[in-house]
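# Results of the structural survey
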Amino acid sequence: MMSYKVDIDGVSSFTADEGDTLLSAALRSRIGFPYDCSSGGCGNCRFELVSGEVSELWPEAPGLSARDRSKRKHLACQCLAKSDLKIKVRTGDEYLPAIPPGRITGQVSAIRDVTHDMREITIKTQSPACFKPGQYALVSSAGVARPRAYSMSNLPNDEGIWQFIIRKVPGGAFTAHLFDAVKPGDPLILDGPYGMAWLREDSQRDILCISGGSGLAPMLSIARGASGKKMDRRINFYFGARTAVDIPGPRDLDFLMGSQSPCTSKIVVSNPDDSWAGETGFVHECVERDFGSRLEDLEIYLAGPPAMVDAVQEMLFIRYRVPVQQVHLDRFF
Ligand SMILES: Cc1cc2nc3c(=O)[nH]c(=O)nc-3n(C[C@H](O)[C@H](O)[C@H](O)COP(=O)(O)OP(=O)(O)OC[C@H]3O[C@@H](n4cnc5c(N)ncnc54)[C@H](O)[C@@H]3O)c2cc1C
């Protein structure tokens, strides 16, 4: 296997193996390379190529503007080294991986419907499932071009059980494969863990989890992680659904019943029919009604579609001035 040396501004360096993106290679080497989605969407892993040659996995990735491209900027999550490289990027300790990501092949051990368009897929690996609640893995399958990011919904464990809640996206390349072709016993490749929106165990603040659609997965993991320990922190769990049929059943949402910490959960439906008697509107509107200026006292986790995350961010940062270090989020590009 070919490997190349990547020099960052003459200050640090790492080795990129053939087939590994620059971002994964850097994080595996415990370099604090800035990133967020690992999916070409956010642009946080943008770097300047000073010398050497790279190949782009997704040349049109939206995380890079035409101006960026004209200035020799690239996305580390979408680049493979084709030679030794010199690059410029500002690394930071906040990006140091809590657990360096690794690649491992597992087998699908169970598939279960969560709603009409969401499924829980369980993958079993030989080695322990090491991640922090709220993190994600890049999942790939032989024969399908590129991996996609999926958040674990369960907790880390020694048995090697990785659970994901995946929504079928109309016209989506990877979810079509997962829903239509993958069956129990099939191998899937996991690369992870990635992501910074993990449960801050040492925070004393009450917790607020806000999710929309399949953003449920990492919020379940975080709430499970927090509720498994006897603490004085209250867990406030909010789930936004478009219609009542998009709400998972009690098996997926009643996990807080056994919580050792005080907790409340609310489901908010944005497009209700006459049969829905619960909260209505967008999920962040309900959160605002319930907390208002008390938002600044909370440790806040959120995940879901970019439009939902943008609306929540606008509320938290612009209207209520919540400190950024108290907010941990994943945008599902
Ligand atoms: C951090 C994170 C966590 C996520 N967690 C979950 C989760 O728990 N559950 C869930 O259902 N979804 C999750 N997603 C969304 C998921 O990764 C996929 O975007 C979604 O399943 C749709 O994939 P698709 O291939 O079916 O759709 P497509 O529309 O085919 O692709 C969707 C995404 O894949 C990437 N992509 C598209 N084309 C290319 C290409 N040529 N090369 C490289 N990348 C490409 C882009 O990011 C694009 O937005 C998460 C996303 C992120 C960023």
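Here the structure is shown first, and the text comes after it.
First, a word on what this report is: a plain description of the structure on this page.

Rules behind the numbers
Residues numbered from 1 in each chain as written. Predicted model: local features only at pLDDT ≥ 70, side-chain atom pairs only at ≥ 80, totals over all residues. Heavy atoms only, no water. 1 Å grid on protein atoms, 1.4 Å probe; cavity = no way out; pocket = protein on both sides within 12 Å on 5 of 7 lines; lining within 4 Å. Points joined across faces, edges and corners; volume = space filled by probe spheres on them. Helix = DSSP H or I, 4+ residues; strand = E, 2+ residues; numbered from the N terminus. Nonpolar A, V, L, I, M, F, W, Y, C, P; charged D, E, K, R; others polar. Domains from an automatic or database assignment. Phe/Tyr/Trp six-rings, centres within 6.5 Å; stacked < 30°, edge-to-face > 60°. Buried < 20%, exposed > 50% of the residue type's maximum accessible area, 1.4 Å probe, protein only. Polar contact = N/O pair within 3.5 Å; in protein donor to acceptor, adjacent residues only side chain to side chain. Near = heavy atom within 4 Å. Areas by Shrake-Rupley, 256 points an atom, 1.4 Å probe, with all protein chains shown as cover. Pairing = 2+ DSSP bridges. Right-handed = clockwise from strand over helix to strand, strands pointing away. Contact = heavy atoms within 4.5 Å. Axes fitted to C-alpha atoms, helices over the stretch in contact; angles between N-to-C directions.

Gaps left between atoms show up when a probe the size of a water molecule is rolled over them. By volume, the second largest pocket amounts to about 400 Å³. Taken together, 18 residues form the lining of the second largest pocket, with Asp 36, Met 196, Val 327, His 328 and Leu 329 sitting closest to its centre. Secondary-structure elements contributing two or more residues to the lining of the second largest pocket are α7 (306–319) and β19 (327–331). If one sorts the elements of the lining of the second largest pocket by residue count, β19 sits on top with five residues. Looking at the lining of the second largest pocket residue by residue, the classes come out as nine nonpolar, four polar and five charged. In terms of domain composition, the lining of the second largest pocket takes at least three residues from each of domain 1 (3–95) and domain 3 (207–331).

For the coordinates displayed, the defined rule picks out six aromatic pairs. Measuring from centroid to centroid gives 6.1 Å for Tyr 150 and Phe 174, while their planes differ by 25°, and the two rings are stacked. With Tyr 150 in strand β11 (residues 148–151) and Phe 174 in helix α3 (residues 173–180), this pair connects stretches of sequence that are 24 residues apart. Of the two residues, Tyr 150 and Phe 174, both sit in the buried class. Each residue in the set Tyr 35, Tyr 136 and Tyr 194 is aromatic and connected to the rest through ring pairs, giving one cluster.

Within the secondary structure, Trp 276 is located in the loop between β16 (263–269) and β17 (279–280). Relative accessible area serves as the criterion here: at 22%, Trp 276 is assigned to the partly exposed category. Once the C-alpha coordinates of Trp 276 and Glu 201 are considered, the two residues, 75 residues apart in sequence, prove to be 36 Å apart. In this structure the side chain of Trp 276 is engaged in a polar contact, spanning 2.8 Å, whose partner is the backbone oxygen of Glu 279.

Looking now at the site of the ligand. As a matter of local geometry, the ligand sits amid 23 residues, with Arg 148, Ala 149, Tyr 150, Phe 174 and Thr 175 nearest to it. Note that an oxygen atom of the ligand is positioned 3.1 Å from one of the backbone N or O atoms of Ser 151. Here the ligand loses 84% of its free accessible area of 950 Å² to cover by the protein chains. Among the secondary structure elements, those contributing two or more residues to the shell around the ligand are β11, β12 (161–167) and α3.

This part takes up the pairing of strand β14 (residues 207–212). Among the six residues of β14, six are classified as buried, and the element is accordingly described as predominantly covered. Where burial is concerned, the two faces of β14 agree: the one with Ile 207, Cys 209 and Ser 211 and the one with Leu 208, Ile 210 and Gly 212 are both buried. Pairing analysis gives six bridges linking β14 to strand β15 (residues 235–241), with the strands arranged parallel. The partner of Leu 208 across the bridge, within β15, is Asn 236. Regarding the hand of the β-α-β motif, the stretch spanning β14, helix α4 (residues 216–227) and β15 is right-handed.

Right, let's talk about the pairing of strand β3 (residues 46–51) for a bit. By the bridge criterion, three bridges tie β3 to strand β5 (residues 73–75) in an arrangement that is antiparallel. The partner of Arg 46 across the bridge, within β5, is Leu 75. The sheet contact formed by β3 and strand β7 (residues 85–88) spans three bridges and is antiparallel. Looking across to β7, one finds that Glu 48 is bridged to Lys 88.

Here we take up the sheet that holds β15. Taken together, six strands build an open sheet; the order of strands is β17-β16-β15-β14-β18-β19 and the sheet is parallel. The open sheet terminates on both sides in strands that have one partner only, identified here as β17 and β19. On the sheet, α4 packs against β14, β15 and β18 (299–304) and is oriented at approximately 165° with respect to β15. Those strands touched by α7 are β14, β18 and β19, and its axis lies near 155° from that of β18.

Honestly, it's all geometry; don't read function into it.
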